[in-house]
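# Remarks on the overall topology
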Amino acid sequence: MRVTQSMLSNNMLRNLSNSYSKIGKYQEQITTGRKFTRPSDDPVSTVKGMAFRTDLNKAEQFTRNIQTVNNWLDTTDDALDQAGTALHRIKELLVQAANDTNTSSDRTKIKEEIEQIKLQLRDIANTKVGNKYIFSGTKTLAPVFDESDMTGHINEEIVQIEVFDGIKLDVNIPGKTLFGNIDNFMSNLSNLLNDDTKTGEDISEMLGDLDQLYEEVLAARADIGARQNRVELMTNRLALHETNVTKQLSENEDVDYAKAITEMITAESIHQAALSVGAKIIQQTLVDFIR
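- Under the annotation held in an unreviewed UniProt entry, the protein carries the name Flagellar hook-associated protein FlgL and is attributed to Ureibacillus suwonensis.
- On record in UniProt, under Subcellular location (unreviewed entry), the comment for the protein is "Bacterial flagellum".

## A word on empty space enclosed by the protein
- Taken as a whole and judged by the stated rule, the model has one cavity of 30 Å³ or more.
- Asp55, Lys58, Ala59, Phe62, Phe164, Asp165 and His241 are the residues that line the largest cavity.
- The element best represented in the lining of the largest cavity is helix H2 (residues 43-97), accounting for four residues.
- Class assignment for the residues of the lining of the largest cavity results in three nonpolar, one polar and three charged.

## Remarks on the nonpolar core
- Within the largest apolar cluster, 54 residues are counted, with the highest numbers of intra-cluster contacts made by Leu80, Leu121, Phe179, Ile182 and Phe185.
- At the level of secondary structure, the elements contributing two or more residues to this core comprise H2, helix H3 (104-125), strand E5 (160-164), strand E6 (167-170), helix H4 (175-193) and helix H6 (207-253).
- The dominant element in this core, judged by the number of residues it contributes, is H2, at 15 residues.
- Not counting residues within four places of it along the chain, the set of residues in contact with Leu121 comprises Ala83, Ala86, Leu87, Phe179, Ile182 and Met186.

## Quick notes on the pairing of E5
- When E5 meets E6, the two strands line up antiparallel, connected through four bridges. Paired with Gln160 across the strands is Asp170, a residue of E6.
- Hairpin connection, E5 to E6: the antiparallel pair is bridged by two residues, and Gly166 has positive phi, about 75°.

## Some thoughts on the side chain of Lys118
- Note on placement: Lys118 falls in helix H3.
- One buried charged side chain, Lys118, makes no salt bridge at all; its nearest oppositely charged neighbour is Asp183, positioned 4.5 Å away.
- Within polar-contact distance, the side chain of Lys118 engages the side chain of Ser187 at 2.7 Å.
- For Lys118, the residues in contact, after removing those within four places along its chain, are Asp183, Met186 and Ser187.

## With respect to the packing of aromatic side chains
- Tallied over the full model, the rule gives two aromatic pairs.
- Centroid distance Phe62 to Phe164: 6.2 Å. Interplanar angle 25°. Geometry classified as stacked. Placement of the pair is Phe62 in helix H2 and Phe164 in strand E5, with a sequence separation of 102 residues. Residue Phe62 shares its accessibility class with Phe164, and that shared class is buried.

What counts, and where the lines are drawn
Residues numbered from 1 in each chain as written. Predicted model: local features only at pLDDT ≥ 70, side-chain atom pairs only at ≥ 80, totals over all residues. Heavy atoms only, no water. UniProt positions renumbered as here; feature names shortened; annotations may be inferred. 1 Å grid on protein atoms, 1.4 Å probe; cavity = no way out; pocket = protein on both sides within 12 Å on 5 of 7 lines; lining within 4 Å. Points joined across faces, edges and corners; volume = space filled by probe spheres on them. Helix = DSSP H or I, 4+ residues; strand = E, 2+ residues; numbered from the N terminus. Nonpolar A, V, L, I, M, F, W, Y, C, P; charged D, E, K, R; others polar. Core = buried A, V, L, I, M, F, W, Y, C linked by side-chain atoms within 4.5 Å. Buried < 20%, exposed > 50% of the residue type's maximum accessible area, 1.4 Å probe, protein only. Contact = heavy atoms within 4.5 Å. Pairing = 2+ DSSP bridges. Lys, Arg positive; Asp, Glu negative; His and termini not counted. Salt bridge = Lys/Arg side-chain N within 4 Å of Asp/Glu carboxyl O. Polar contact = N/O pair within 3.5 Å; in protein donor to acceptor, adjacent residues only side chain to side chain. Phe/Tyr/Trp six-rings, centres within 6.5 Å; stacked < 30°, edge-to-face > 60°.

As structure tokens, then:
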């Protein structure tokens, strides 16, 4: 096959065009900091990048969920701490009321303080995070105590929030029974103090029930504390997962500047060599022959 000057020129131009494309590709990588800017440049890496970004978006949502879990658990712990303090004060008043030297007026004063603490405990039972009641089970829009009565619209079902793929944490405790028992005890104590026929011994018999309620509050706080520890572990796990996915995304898409610069310099050297060779194979002009 006869190789013509036209064929040599066309091959040279095609090779120079490819060389320019390579140089442009490396320049774009260095400028943008990315291995590719269009899906067509690397379809496989593009699909991987989409999966990594999906994981990161889920991790961000899980992080927000964990913040919500912490808010619920911290608020619950604070509420139970206040309930325990209130019950401790009730015990002091109960011991004081069990003294038979108290006059009717003394008992009335004790009863009045107990009534105020009862209202305070109802307020604690109606504690909210945002617009949700944390002791109302899954009926979070209904208070445990509606005015003066226990509402029948709440339940003791567990509220769960997802904090990782397939992992959900309980964020509330059943408050209907706990605070219902406390409220019934407070009502019985008030009625007892209102009865002048009851002696100090009758009153002191309620100490056992009060201690039982206090233990139930402590047990609930211990449960919340264990969950808070679990949340801390999940927070660390999620942070590690997010770091790993971010690293994988970077390795998949971010350019290695040292490598890209080296390859661009190499491509430029090859391009200059191609230009030099091309200049020699281009057909000489009539002027060159006349010399």
